[in-house]
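As a plain string of letters, each chain reads:
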Amino acid sequence: MSNKIIVIGAGATGSFITHDLASRGFDVTVIEKGNIIGGTSGRFHGMLHSGARYAMNDVKAAQESILDNKVISDIASFCIENTGGLFVALNDEDLSFQGKFENGCKQSNIPIESISIETALKDEPFLNSSVKAVYRVPDKVINSFRFITSLLLTAKRESAKIMLNTEVIDFIKEGNDIKGVKVKNNNTGETSELKADLVVNASGAWASKLIDEKLGIKSIEMILSAGTMAVINRRFTKHIINRLREPSDGDIVVPFFNDSIIGTTAFIVDDPDKFDVDKEDIGFLQKAGSEMLPILANYPVSRYYAGVRPLIAAGENDDSRKASRDFKIFDHSVTDNMGGIISIVGGKLSTSRIMAKDIGDFIGDKLGNKTESNTDKIKLYWPRVNSQNIGEMAKSLSLDKGFLYEMLNESTGKTYSDMYSNAIDLLYSRELFN
Ligand SMILES: Cc1cc2nc3c(=O)[nH]c(=O)nc-3n(C[C@H](O)[C@H](O)[C@H](O)COP(=O)(O)OP(=O)(O)OC[C@H]3O[C@@H](n4cnc5c(N)ncnc54)[C@H](O)[C@@H]3O)c2cc1C
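Residues numbered from 1 in each chain as written. Predicted model: local features only at pLDDT ≥ 70, side-chain atom pairs only at ≥ 80, totals over all residues.

S.K.: Where do I start with the nonpolar core in this structure?
M.R.: Note on soluble globular proteins: their nonpolar side chains tend to be buried together. Counting 115 residues, the largest nonpolar core has Ile5, Ile6, Val7, Val88, Ile148, Val199 and Val200 as the members making the most contacts within it. Take this core: its biggest share by element is 8 residues, from strand E14 (residues 222–232). When residues no more than four places from it in sequence are discounted, the contact partners of Val88 are Leu127, Val131, Val134, Ile241, Arg243, Leu244 and Met292. (Core = buried A, V, L, I, M, F, W, Y, C linked by C-beta atoms within 7 Å. Buried ≥ 20, exposed ≤ 12 C-beta atoms within 10 Å, placed from the backbone. Helix = DSSP H or I, 4+ residues; strand = E, 2+ residues; numbered from the N terminus. Contact = placed C-beta atoms within 7 Å.)

S.K.: It is not clear to me how the sheet that holds strand E13 (residues 198–201) should be interpreted in this structure. Could you clarify?
M.R.: As a general point, the strands of a sheet are linked pairwise by backbone hydrogen bonds and lie either parallel or antiparallel. Strand order in this open sheet of 6 strands is E9-E2-E1-E13-E21-E20, and the pairing throughout is mixed. Strands at the two margins of the open sheet, each flanked by one partner only, are strand E9 (161–163) and strand E20 (327–331). Ignoring strand direction, the axes of neighbouring strands in this sheet form an average angle of 15°. Its contacts with the sheet put helix H1 (residues 12–23) on strand E1 (4–8), strand E2 (27–31), E13 and strand E21 (341–346), and the angle it makes with E2 is roughly 165°. (Pairing = 2+ DSSP bridges. Axes fitted to C-alpha atoms, helices over the stretch in contact; angles between N-to-C directions.)

S.K.: Help me understand the packing of H1 against helix H6 (residues 144–157), please; the structure alone is not making it clear to me.
M.R.: For the pair H1 and H6, the least separation of the axes is 8 Å and the interaxial angle reads 25°. As the angle between them shows, H1 and H6 are arranged roughly parallel. Viewed along their axes, H1 and H6 form a crossing whose handedness is left-handed. Note on element contacts: H6 touches H1 through Ser144, Phe147, Ile148, Leu151, Leu152, Thr154 and Ala155, opposite Ala12, Ser15, Phe16, Thr18, His19 and Ala22. Looking at the contact of H1 with H6 residue by residue, the class counts come to 8 nonpolar, 5 polar and no charged. (Parallel < 35°, antiparallel > 145°, perpendicular 65-115°, else oblique. Left-handed = near helix turned anticlockwise from the far one by under 90°. Nonpolar A, V, L, I, M, F, W, Y, C, P; charged D, E, K, R; others polar.)

S.K.: How do you make sense of H6 when you look at a structure like this?
M.R.: Think of an α-helix as turning once every 3.6 residues; residues three or four places apart then point the same way. The end-to-end C-alpha distance of H6 is 20 Å, a good match for the 20 Å that 14 residues give at a rise of 1.5 Å each. By the criterion of burial, H6 is predominantly enclosed, with 12 of the 14 residues buried. Burial in H6 covers these residues: Ser144, Phe145, Arg146, Phe147, Ile148, Thr149, Ser150, Leu151, Leu152, Leu153, Thr154 and Ala155. Looking at the residues trailing H6, positive phi occurs at Ser159, about 85°. (Expected span 1.5 Å × (residues − 1).)

S.K.: Can you help me understand the environment of Ser352 in this one?
M.R.: Mapped onto the secondary structure, Ser352 falls in helix H10 (residues 352–366). Take Ser352: there are 29 C-beta atoms within 10 Å of it, and that puts it in the buried class. Once you skip the residues sitting within four places of it in the chain, Ser352 turns out to touch Ala12, Thr13, Phe16 and Gly347.

S.K.: Where do I start with the pairing of strand E15 (residues 240–243) in this structure?
M.R.: Looking down a regular strand, the side chains alternate between one sheet face and the other. The two faces of E15 match: Ile240 and Asn242 on one face and Ile241 and Arg243 on the other face are all buried. Across 2 bridges, E15 lies against strand E16 (residues 252–256) in antiparallel orientation. Note on E16: the bridge partner recorded for Ile241 is Val253.

S.K.: Honestly, the site of the ligand in this entry has me stumped. Any pointers?
M.R.: Lining the immediate surroundings of the ligand are 39 residues, of which Gly9, Gly11, Gly39, Gly204 and Gly227 lie closest. Mapped onto the shell around the ligand, the elements with two or more residues apiece are H1, strand E10 (166–174), E14 and strand E19 (301–312). No other element matches the 4 residues that E19 contributes to the shell around the ligand. Considering only residue class, the shell around the ligand consists of 14 nonpolar, 20 polar and 5 charged. (Near = placed C-beta within 6 Å.)

S.K.: Sorry if this is basic, but what is going on with the confidence of the model for the chain here?
M.R.: Low-pLDDT portions of the prediction should not be read for the details of their coordinates. Looking at the chain as a whole, the pLDDT averages 90, with 92% of positions reaching at least 70. pLDDT under 50 marks residues 419–423. Its contacts with residues more than four places away, or in other chains, come to 14 contacts. A low-confidence stretch, residues 425–434 stays under pLDDT 50, and its non-local contacts, those more than four residues away or across chains, total 10 contacts. (pLDDT = per-residue confidence, 0-100.)

S.K.: Got a minute to help me understand the sheet that holds strand E3 (residues 47–48) in this structure?
M.R.: Here 3 strands make up an open sheet; going across it, the order is E3-E8-E4 and the pairing antiparallel. Looking at the sheet topology across the chains shown, the edges are occupied by E3 and strand E4 (80–81). For E3 and strand E8 (residues 140–142), the ladder comprises 2 bridges, and the chain directions are antiparallel. The partner of Met47 across the bridge, within E8, is Val141.

S.K.: Can you walk me through unusual backbone geometry in this structure?
M.R.: Trans peptide bonds make up most of the peptide bonds, and negative phi angles are found at most residues other than glycine. A cis amide bond links Gly263 to the next residue, Thr264, at an omega of -20°. Its location among the elements puts Thr264 in the loop between strand E17 (259–263) and strand E18 (267–268). With phi around 55°, Ile37 is a residue other than glycine that occupies positive phi space. Note that Ile37 resides in the loop between E2 and E3. Assessed through the 28 C-beta atoms surrounding it within 10 Å, Ile37 is described here as buried.

Take a look at the structure:
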């Protein structure tokens, strides 16, 4: 009999874990309190990182990024736009990072190419014409809505159970062991209990709060680092444009469908559900983005959104820019004398496949059920929906038929935040422009 596993959270991490475990033959159920991409996986830049952004200071995250950049492009090509990325130096200070950047990329096996200013400006006519150095890197754009939907559909075909709009409100505890979860259907208010051999806490920015409040487990120390992104309703580049310097505020412009997403900021929040965006950050982002692409200053910011990075805290260091983008698995039987539950924290959407593989290996060892992960070879399922099969598919995913239709037929003018999360539409907000 296969082990029964419950995964909490269907962001990129939980969805990939669900697919990984289901493909190994585990009996897995994923429980998500909201809808698809309701968490950070729907409030990010949209980059499938090459790793170059982290190559200077965070080699492991950089190496994992380039590895998964190749794998995810192969298994989920329908959600990737291979834009490529440019790193641009605009002044002498930026130029001083050249050596560190080149070495870091070499050490992380990230293929980069130094290109002439002339070629760069021909390729990207809106680039600041006083640019001093340009590198091309294999950054890509990823549509996380498609990515996560396809992970869940693939897992579903591998016999996983998917419960959306269902919240884990408590745990079933027997002595020092977790035996399952108590859930509430957020549509109907109905509550029920689900038993499992192991519970995997993959609830992103909510991970430490959930198990601290319900179980008194305090071993997961996280930095909840929020970041705001400003969106301009025009696309000006083929490539993702990055500033050549250590990761800092306002140093990325991502062409997403027909929009330009300018990111980002980093500020610490206490609660991923309750925080305010500083409106001045919107003007700051536009100004910082327009240093790389001056034309951005001529267009209004149409909306903004913010997400919370679930980062691992490291010692006394609470500078979230310096915190690693690496991930960590917590076995609570070791850290907190509480069996039947493990947590995974940190990482990036771009490294979700490696995170899932590592925790899948860990679970196999723990449950004495060793299996190999093949998720680097399994092409994710992206169905052609028609009027005949849409009803059945929606039912199997517990999704509204109209919603499923909309998500599988996403139109190019929309971004995640526009359609699916609480983005604030600035066109109708006078306060910023008066
Ligand atoms: C500003 C910003 C920009 C970023 N840009 C990039 C980028 O360009 N590329 C990249 O690769 N990464 C990027 N990241 C990082 C990336 O977005 C995150 O690392 C990733 O999305 C985290 O995925 P996750 O599944 O761990 O968390 P989430 O996507 O937040 O998923 C956790 C899920 O758990 C659910 N949940 C919580 N509590 C419960 C409960 N009690 N019961 C049931 N469900 C629950 C939540 O609803 C949520 O859907 C960015 C992050 C930020 C903040």
